[in-house]
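Chains, contacts and geometry: an overview
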Amino acid sequence: MRPPHQPSSPYHVAVRDLPVTRHVDVAPAFVAEAVAGMPLREALGDEHGPVVDGGEVDVELTADGDTIFVQGAIKGTIAIACSRCVTPMAITFDERVRVTFVPAAELAPADAAATAEDDGVELSSDELDVFPYADEQIDLAPLVREQFVLAVPYAPLCREDCQGLCPQCGADKNVAPCTCTRPADPRFAALAGVKLPS
Ligand SMILES: [Zn+2]
Ligand SMILES: [Zn+2]
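Small disclaimer: the values here were computed from a predicted structure and weren't measured.

**Focus on the overall build of the protein chain**
Of the regular secondary structure elements, the protein chain holds 6 helices and 7 strands. Ordered by position in the sequence, the α and β elements of the protein chain form the string β-β-α-α-β-β-β-α-β-β-α-α-α. A burial count over the protein chain gives 16% of its 198 residues as buried. Look at the contacts in the protein chain between residues 6 or more apart in sequence, and 69% of them connect residues 24 or more apart.

Below is the structure:
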């Protein structure tokens, strides 16, 4: 029995169509939703400067009984704030993915974790990526969302030697040194306790 409608989302793939390749252009709104709530994303507000969120998904889906294998590439760009100076910057990634979708009914999270431990088998991290599916339909969105979240480092830097903001006056020290940099200089700090003749 064929459902009367085609899948409505580009992230949805009907199991009956497998094997199939799928290309998805990741919309800025999708990225925004994926990284919403991350502090260095929230720091940007609506100002992303020249950085445009987005990405591309190119995957191949194959089936072995109820088990669906998805492999291919996911790449993307995310606007995020530099952790030192809060300037908008771009994170880009291009990841190979290889994950498995199994029917939701067969995936009891507790059981899955216990089995992986009991076996004592070293599984590489990509082999542990198992997603549930239901209604004979694969939803690629959680997989893609995860790649965007994982791509954001804990403390992104706009450049390795970013000078950051002055903790005293808030000036961006990449733009110009501020007048309050002197007391923070360790050489002057050492002199602070010394009484100079006036
Ligand atoms: Zn910076
Ligand atoms: Zn300052």
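**Quick look at the sheet that holds strand β5 (residues 88–103)**
Strand order in this open sheet of 5 strands is β2-β3-β4-β5-β6, and the pairing throughout is mixed. The sheet is open, and its two edges are formed by β2 (20–26) and β6 (130–133), each paired on a single side. Pairwise comparison of adjacent strand axes, ignoring direction, gives a mean angle of 30 degrees for this sheet. When strand β3 (residues 54–64) meets strand β4 (residues 67–81), the two strands line up antiparallel, connected through 11 bridges. Paired with Thr-62 across the two strands is Phe-69, which belongs to β4.

**Things to note about the environment of Phe-148**
One can find Phe-148 in helix α4 (residues 141–151). Sequence spacing of Phe-148 and Ile-91 is 57 residues, and the spatial spacing of their C-alpha atoms is 9.5 Å.

**Observations concerning the nonpolar core**
Membership of the largest hydrophobic core comes to 26 residues, with the highest contact counts inside it found for Val-31, Ile-78 and Phe-148. Elements with a minimum of two residues in this core: α1 (28–34), β3, β4, β5 and α4. Ignoring sequence-local partners within four residues, the contact set of Ile-78 consists of Val-31, Val-35, Asp-53, Ile-91, Phe-148, Ala-151 and Val-152.

**Quick word on α4**
Considered for burial, the residues of α4 that qualify are Val-144, Gln-147, Phe-148 and Ala-151. The buried residues of α4 occupy an angular sector of 95 degrees when projected down its axis, which confines them to one face. The inward-facing, buried residues of α4 abut β2, α1, β3, β4 and β5.

**Considering the pairing of β4**
Hairpin remark: β3 followed by β4, antiparallel, with 2 residues in the connecting loop; positive phi at Gly-65, about 65 degrees. Relative to β5, β4 runs antiparallel, the two sharing 14 bridges. Note that in β5 the partner of Lys-75 across the bridge is Asp-94. Hairpin geometry of β4 and β5 is characterised by an intervening segment of 6 residues between the two adjacent antiparallel strands and by a positive phi of about 65 degrees at Val-86.

**Here we look at the environment of Glu-47**
You can see Glu-47 is positioned in the loop between α2 (39–42) and β3. Residues Glu-47 and Ala-81, 34 residues apart in the sequence, show an inter-C-alpha distance of 9.9 Å.

**Some remarks on unusual backbone geometry**
Omega for the bond connecting Leu-18 with Pro-19 falls within 30 degrees of zero, at -5 degrees, which places this linkage in the cis form. If you trace the backbone, Pro-19 turns up in the loop between β1 (12–14) and β2. We note that Val-86 has phi near 65 degrees; this positive angle belongs to a residue other than glycine. In this structure, Val-86 sits in the loop between β4 and β5. By the C-beta count within 10 Å, which is 16 here, Val-86 ends up partly exposed.

**Quick notes on the environment of Ala-105**
Take Ala-105: it is sitting in the loop between β5 and α3 (109–119). Taking the number of C-beta atoms within 10 Å as the measure of exposure, Ala-105 has 9 and is therefore exposed. Here the alpha-carbon distance between Ala-105 and Pro-132, two residues 27 residues apart in the chain, equals 8.2 Å.

The rules we used
- Residues numbered from 1 in each chain as written.
- Chains lettered and ligands numbered in written order.
- Predicted model: local features only at pLDDT ≥ 70, side-chain atom pairs only at ≥ 80, totals over all residues.
- Helix = DSSP H or I, 4+ residues; strand = E, 2+ residues; numbered from the N terminus.
- Buried ≥ 20, exposed ≤ 12 C-beta atoms within 10 Å, placed from the backbone.
- Contact = placed C-beta atoms within 7 Å.
- Pairing = 2+ DSSP bridges.
- Axes fitted to C-alpha atoms, helices over the stretch in contact; angles between N-to-C directions.
- Core = buried A, V, L, I, M, F, W, Y, C linked by C-beta atoms within 7 Å.
- Arc of directions from axis to C-beta.

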